[in-house]
Amino acid sequence: MEGGAYGAGKAGGAFDPHTLVRQPHTILRVVSWVFSIVVFGSIVNEGYLNSNSGGEQLCIYNHNPSACSYGVAVGVLAFLTCLLYLALDVYFPQISSVKDRKKAVLSDIGVSAFWAFLWFVGFCFLANQWQVSKPKDNPMNEGTDAARAAITFSFFSIFTWSLTAALAVRRFKDLTFQEEYSTLFPASAQP
């Protein structure tokens, strides 16, 4: 049996960027990466208003600084997590041990599911704070498009991270099958 797409039979091969870019989990990571940039960029760029009384900056989401801080923190950390797992995707074909591959995929499942949850919380929090914001606090509607963009891309991020977790589960099943096959048929696993 020739090694599968996720098996040790492909380990040690040359790095192929074309194959990496065509993989669905890589595409989803790049999309998640872009969404995180939009969220934290929108909030950092136009998420704060100048107060009428002085030079104090107020969060556009109901003047709640926790809402802006949460959006920026989750966006920046998701950005860094995407970069980390993109690097793991580049390195993944070089991992020869099926057990190490399983650990990498299990961490991908856990991290992706965790980020889907954090984005769900962020979407609910930002949407709620936006809903209870008073129009008199922002009479010129400054930054409203950026605030809505952060909410919208938080919502989209729930799905991209959930799909990434689902693809990681599929990768885990492929690895588990290959490990069981190699145990049952050790002679046919050799090239």
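Residues numbered from 1 in each chain as written. Predicted model: local features only at pLDDT ≥ 70, side-chain atom pairs only at ≥ 80, totals over all residues. Heavy atoms only, no water.

If you check an unreviewed UniProt entry, the chain appears there as Synaptogyrin 1 from Ailuropoda melanoleuca. Its UniProt record gives the chain the following Subcellular location (unreviewed entry) comment, quoted word for word: "Membrane". As stated in UniProt under Sequence similarities (unreviewed entry), the record for the chain gives "Belongs to the synaptogyrin family." (UniProt positions renumbered as here; feature names shortened; annotations may be inferred.)

One finds Ile-43, Tyr-61, Trp-115, Trp-119, Leu-126 and Trp-161 to be the most contacted residues of the largest nonpolar core, which totals 22 residues. Secondary-structure elements contributing two or more residues to this core are α2 (24-46), α3 (65-91), α4 (98-131) and α5 (144-184). Per-element accounting of this core gives the leading share, six residues, to α3. Core analysis: the second largest hydrophobic core is formed by seven residues, Ile-95, Ala-104, Val-105 and Leu-175 among them. (Core = buried A, V, L, I, M, F, W, Y, C linked by side-chain atoms within 4.5 Å. Buried < 20%, exposed > 50% of the residue type's maximum accessible area, 1.4 Å probe, protein only. Helix = DSSP H or I, 4+ residues; strand = E, 2+ residues; numbered from the N terminus.)

Packed helices, taken two at a time, are described by the angle between their axes plus the distance between the axes. Two elements in contact, α3 and α4, have axes whose closest approach is 10 Å; the angle formed by their N-to-C orientations is 160 degrees. Here α3 is positioned roughly antiparallel relative to α4, judged by the angle of their axes. As for how α3 packs across α4, the hand of that crossing is left-handed. Within the contact between the two elements, α3 uses Ser-66, Ala-67, Tyr-70, Val-74, Gly-75, Leu-77, Ala-78, Thr-81, Tyr-85 and Leu-88 and α4 uses Ala-104, Ser-107, Asp-108, Val-111, Trp-115, Leu-118, Trp-119, Val-121, Gly-122, Phe-125, Leu-126 and Gln-129. Each residue belonging to the contact of α3 with α4 can be placed in one class, and the counts come to 15 nonpolar, six polar and one charged. (Axes fitted to C-alpha atoms, helices over the stretch in contact; angles between N-to-C directions. Parallel < 35°, antiparallel > 145°, perpendicular 65-115°, else oblique. Left-handed = near helix turned anticlockwise from the far one by under 90°. Contact = heavy atoms within 4.5 Å. Nonpolar A, V, L, I, M, F, W, Y, C, P; charged D, E, K, R; others polar.)

As for its position among the elements, Leu-28 is in helix α2. As for Leu-28 and Thr-164, which are separated by 136 residues in sequence, their C-alpha atoms are 6.4 Å apart. Setting aside residues no more than four positions away along its own chain, Leu-28 makes contact with Thr-160, Leu-163, Thr-164 and Leu-167.

Now for the UniProt feature "transmembrane region" (unreviewed entry) in the chain. Within this structure's numbering, the places UniProt gives as "transmembrane region" (unreviewed entry) are residues 30-49, 69-88, 109-130 and 150-169. Helix makes up 85% of residues 30-49 and strand 10%, and the two end C-alpha atoms of the span are 31 Å apart. When the span residues 69-88 is considered, its composition is 100% helix and 0% strand, and the gap between its end C-alpha atoms is 28 Å.

Now for the packing of aromatic side chains. Under the definition given, this model contains 12 aromatic pairs. Consider the rings of Phe-114 and Trp-115, whose centres lie 6.1 Å apart with planes at 70 degrees: the pair is edge-to-face. The class of Trp-115 is buried, set by a relative accessible area of 6%. Among the aromatic residues, those joined into a cluster by ring pairs are Phe-35, Phe-123, Phe-153, Phe-155, Phe-156 and Phe-159. Seen from the ring of Phe-92, Arg-101 lies directly overhead, with NZ or CZ sitting 4.8 Å from the centre. (Phe/Tyr/Trp six-rings, centres within 6.5 Å; stacked < 30°, edge-to-face > 60°. Lys NZ or Arg CZ within 6 Å of the ring centre and 35° of its normal.)

Here we come to the side chain of Thr-144. Along the chain, Thr-144 turns up in helix α5. Thr-144 sits in the buried class, given a relative accessible area of 11%. Setting aside chain neighbours within four positions, we find Thr-144 in contact with Ile-60, Trp-130 and Asn-138.

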